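This is what each chain is made of:
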Amino acid sequence: MRYQILGSLQIRSGGHWVSPGPRKQSVVLAVLLCHRGEAVSIDRLIDVVWDGRPPRTARDNLQVYVYHLRRALGGRDRIQRRDDGYLLRVASGEVDEDEFERLIAEARQAVAANDMRAAASVYQEALAMWRGPAFGAIADVAALRVEVARLQERRLTAIEECVEANLALDRHGQWTAELTRLVAEHPLRESFRAQLMTALYRSGRQAEALGYFHEGRRISIEELGLDPGPRLRALHQSILDGTLDDEHQPVVARRQATPPPAQLAADIADFTGRDDVLRRIREWIDSRRAQAAAVPVVSLSGMAGIGKSALAVRAANLLRPTFPDGQLHLCMRAGDGTAITPAGALGYFLRALGVPDSRIPDDVPGLVALYRSTLAESRVLIVLDDAVGEWQVRPLLPGRASCAVLVTSRGRLAGLEGALHLGLDVLTGTEGLDLLRHAVGHARVVAEPDMAEDIVRLCAGLPLALRVTAARLSARPQWSLRRIRDLLAKDHRRLDLLTAGDLSVRASLTRSYEHVGEAERRLLRLLGLIESEEFPAALAAAVADLPVDVVLPQLETLVDGQLLTAVTTEEAASPQYRMHGLVRLFVRERCRLEESEAVRHAAVARAAAATLAPADDPGPRHEAARRWLHRIGDRLAAPRWNDAAELLHLVVSCTAPEAGATRWSWCPPTPVGSMPRKYLDDLRLVHLRALDDARAAGEHAGEAGTLYALAAVEIAARDLGSAGPRIAKGGETFSALGEERAAGIGEFALAFLDESAGRLEEARRRYVSACAASHRAGDAYTEATALSGLARAVSQLHDPGTADVSLRRAAMLWENLDQPVELARVELVRGGLHLDTGQAAEAEKAFAAALRALRGRDDTVESLARYGLGEAHMRQGRPGLALAGWHEALRLARSRDQLPVRARTLLTMAQLYLDSGLGMRAIVPAGHALTAFQQLGDEVGQRHALTALADAHSTGEQLPADPPGLDPGVDRSAAVVGDRPGPPTGEDADGPDRHRWHQDSETQIRCA
């Protein structure tokens, strides 16, 4: 049996190439071919064939397609049923891609042997196998796009290498027309453009060659915002200088007078950090050479994009004066990622050292012996970049200590005995900021220091990510750092943004991902669904649905491949691992592409179960928890959940006992203040089921704790009437059990409800009681939260002195607890109090202090801070700045589904337009505010929104260009309102509703 995928999908049947059948049947075969030798689940096939919209008969139809494919392929053995899926058996060489790869490998061996004539012939034979785009008419199927792109990249790489071989044979005239077509089809692929420029120059068409450079530069700047790469720029300069012929003479002519090799890449001008590593490299090499010991070898390892190659180039350039006989440099992987053989590398180095072809042996032992003899009396530095393994490196080690070797690799080359092994970590915050300053200019970073810190954080300290971001900023001097920060903050777009020219975080991670086996890739994909930065091996086993002893070797393979980091400590009960933030984004992409929704949700549910009921605590509480999770398991895996990562965040956060939790923590509370509203019904179900189990088990403390957690959900859902009785009952139980800390939490929650209902004296009494109980119990967290509530209540009772003392005490506690987000909440309350007393300038300072404390840590709190800052600007006669701040607040509120913030801010903006005489502009925000208040069930808000809407429609004036008073320098887009956020105004400006937006940040009941 034979299969063709390098063009339209065909199979060999009866001595002829035929189509495998109708489109959907062909798609089934194509997916099985992409996963040949692996089982593909039926759910996955159905999802792919019907593009996520299967009919009720999909499973039956799929069986029919498989039946016909089996007949076409000659029997059932070809497509086997495995568990709940199908596996296609394909022997080596049966797919035309296999033969294509074999021919490419043969051509590369010929290039390494400098047999360009043979190489060119074999390359052209391989390329002739392509009959069109991979998979032909079904290449547009979503599940095949990654494979189609991979095969297309292999083809283009082969064309590049074929052209190089032909240009080395002076066949430039034969390839000019073909290269012209390739450049037109792939205008951003610089290798084709460089080859065309070379061919034109050699054909005496210098002006045309220069014209293609300028065209490429224009396209690169327009499309990418970047200048051409160093290769194209160097080629352009060579053509201008008339030195290109010297560089591209036939190989034999170049070898007649060989100078010492100087193959190092140029040093990186903006290289920053790694000073300690550079010092250790220099000291190690100097000491080993001084002792005349074995050849000094330094092995640098680290994840993709960590800066191994840049560091090796910097170190080699610093060491260059001590190696006057030359510097050799070779990337140990070909363009498609395949490993360079030791024979190919040795031949390359020997020719660079001036050894004629006639003296170069064919066997590896002979090559090694000649290589070491040639270097015996020389002082040469060898840089081996991106090595695959020790087997590649050992033959390239010289025999004398007069030389030295720098090796970079993704995995740690532990088998290199006697080497200095240095693992590179991400940049520190200071080093990341230094890199940005060098790359984009000191002034831009100093102008927006908070934004620069956020960029370093969003790039997770990865040098490659920071360099790509810096390249974008350098190409767009009109961009602010805030703009690129806001773009990077969108997880689903971050990897798209971290690509510029041939610099790509995604491509770099892809090479590491493809280097490990399928079992490890599957484990990594599923681990990407876990939100926590660190996780134990036991949780990884649960996610993969495998025993721990099976998963541990896979985890260690991922650590060796620099896709995970081992963080095991002596105190940890089991091995712990960490996943880099950008790796998590990458593997989530792959998970969505390669795993069905059912598989993702099942993995998340298993992770939740493992977190809820750890194996080292087999007590009755966890047995009940297992039963509870099983009861809601169907709901957890239901298709209504759009994102498995969000599901895991919900389930684990509402089930995982926090550090220091007491024995009654049956269902610790989720941070529901930041939970999207669409999940609150599900969260309520989770807590109700936990409450049933606690009662059935007779666990009174567990019942009381779960009542607290359930009340927190109901407060977030604005169901305050149900929340109060639950808190009161839970508090009574805790008091009876002598749990003073838990009772204090309940007292605080009841105080909050009293404040929300306007019962301010009762709220004050309860807040004081909660502060005292929490202080006695040593619960600084609840004490600080209660102090903020007390400040709000007494300020409305016209007691500013007590309010100020309470806030100062709360701020001191949060600082001691190192809780910047909570400290920001205190500043929010302080700002609101200043607004109530007419001190707008002081309010502005408080809200600005909240933003400084946050620095992007919590969008839910930041939206409130920006909303308050807008109000402070408005009170000081700066409507333009107020609008700009409210637009940003509304953007944040939308991203976190903060409906109360959105509703009130929209109403405030509508009122601002009305007060400015711009009634027509008030219509849209007033309408959106009305809808939001209706969803909240807020009748007071609905009345205000209806009034604003009526006033807006009654004005009848035309829409002017800008509202009066718009501050100079403010983006004019801030004056055009769509669905954007603010607080109550007009007759409510000094009423009880003024404080609701502060209270929204306190909707969470604090339980340990």
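Structure's up top.
Computed from a predicted structure; not experimentally measured.

(A) Representation of the sheet that holds strand β5 (residues 79-82) within the structure. Pairing is antiparallel across the open sheet formed by three strands, whose spatial order is β4-β6-β5. Among the strands making up the open sheet, the edge pair consists of β4 (39-41) and β5. Across the sheet, the mean angle from the axis of one strand to that of its neighbour is 35°, orientation sign disregarded. In this sheet, strand β6 (residues 85-88) lies alongside β4 in antiparallel orientation, the contact comprising three bridges. Each bridged residue has a counterpart across the sheet, and for S41 the counterpart in β6 is G85. Against the sheet, helix α1 (residues 23-34) touches β4, β5 and β6, its axis set at about 70° to β6.

(B) How the structure looks around the side chain of E390. Relative to the helices and strands, E390 is located in helix α17 (residues 390-393). Despite being buried, E390 has no salt bridge partner; R394 is the closest side chain of opposite charge, sitting 5.5 Å away. Reaching out from E390, the side chain makes a polar contact with the backbone nitrogen of G415 at a distance of 2.8 Å. Contacts of E390, omitting those with residues within four sequence positions, involve R412, L413, A414, G415 and L416.

(C) Seen up close, the pattern of salt bridges. In the structure shown here, the tally under the stated rule is 56 salt bridges. For the salt bridge of D491 with R494, the shortest nitrogen-to-oxygen distance reads 2.5 Å. Taken together, the residues D491 and R494, both in helix α23 (residues 491-497) and three residues apart, mark about one turn of the helix. Of the residues examined, D491 reaches a relative accessible area of 42% and is grouped as partly exposed. The network of salt bridges with common partners includes E518, R521, R525, R590, E594 and E595.

(D) The arrangement of unusual backbone geometry in detail. One non-glycine residue, D51, lies in positive phi territory at about 50°. For D51, the position within the fold is in the loop between α2 (42-49) and α3 (58-73). Positive phi values are uncommon outside glycine, yet A460 reaches one of about 55°. Mapped onto the fold, A460 is located in the loop between α20 (449-458) and α21 (463-475).

(E) A look at the sheet that holds strand β14 (residues 534-536). Taken in spatial order, the three strands make up an open sheet running β14-β16-β15, and their pairing is antiparallel. Every interior strand has two partners, whereas the edge strands, β14 and β15 (565-566), have only one. Pairing of β15 with strand β16 (residues 576-578) involves two bridges; the strand directions are antiparallel. Bridged to A566 within β16 is Y577.

(F) Summary view of helix α6 (residues 145-168). Here α6 spans 35 Å end to end across 24 residues, near enough to the 34 Å set by a 1.5 Å rise per residue. Just downstream of α6 lies D170, where phi reads positive at about 60°.

(G) Structural view of the environment of F271. Within the secondary structure layout, F271 lies in the loop between α12 (251-254) and α13 (275-290). Once the C-alpha coordinates of F271 and R314 are considered, the two residues, 43 residues apart in sequence, prove to be 7.8 Å apart. Look past the residues within four positions of F271 in its chain and what remains in contact with it is L278, A310, L311, R314 and R467.

(H) Up close: α13. Taking 1.5 Å as the rise per residue, α13 with 16 residues should run 22 Å; its terminal C-alpha atoms sit 22 Å apart, in good agreement. Taken together, the buried positions of α13 are occupied by V277, L278, I281, I285 and R288. Looking straight down α13, one finds its buried side chains confined to an arc of 115°; they lie on one side. Turned more than 90 degrees off the buried face of α13, the exposed positions are D275 and A290.

(I) Examining the pairing of β6 more closely. Side chains of β6 alternate between two faces, with G85 and L87 and Y86 and L88 buried alike. Note that β5 and β6 share four bridges and pair antiparallel. Pairing of R81 across the sheet is with Y86, part of β6.

(J) Quick peek at the packing of aromatic side chains. Considering all chains together, one arrives at seven aromatic pairs under this definition. Between W50 and Y65, the ring centres sit 6.2 Å apart and the planes meet at 25°, which makes this aromatic pair stacked. Of this pair, W50 sits in the loop between α2 and α3 while Y65 sits in helix α3; the two residues are 15 residues apart in sequence, bridging distant segments of the chain. Assigned by exposure class, W50 and Y65 land together as buried. Judged by centre distance (5.7 Å) and plane angle (45°), the rings of Y348 and F349 are tilted. Taking relative accessible area as the criterion, Y348 reaches 36% and is therefore assigned partly exposed. Judged by relative accessible area, which is 0%, F349 ranks as buried.

About the cut-offs
- Residues numbered from 1 in each chain as written.
- Predicted model: local features only at pLDDT ≥ 70, side-chain atom pairs only at ≥ 80, totals over all residues.
- Heavy atoms only, no water.
- Pairing = 2+ DSSP bridges.
- Helix = DSSP H or I, 4+ residues; strand = E, 2+ residues; numbered from the N terminus.
- Axes fitted to C-alpha atoms, helices over the stretch in contact; angles between N-to-C directions.
- Contact = heavy atoms within 4.5 Å.
- Buried < 20%, exposed > 50% of the residue type's maximum accessible area, 1.4 Å probe, protein only.
- Lys, Arg positive; Asp, Glu negative; His and termini not counted.
- Salt bridge = Lys/Arg side-chain N within 4 Å of Asp/Glu carboxyl O.
- Polar contact = N/O pair within 3.5 Å; in protein donor to acceptor, adjacent residues only side chain to side chain.
- Expected span 1.5 Å × (residues − 1).
- Arc of directions from axis to C-beta.
- Phe/Tyr/Trp six-rings, centres within 6.5 Å; stacked < 30°, edge-to-face > 60°.

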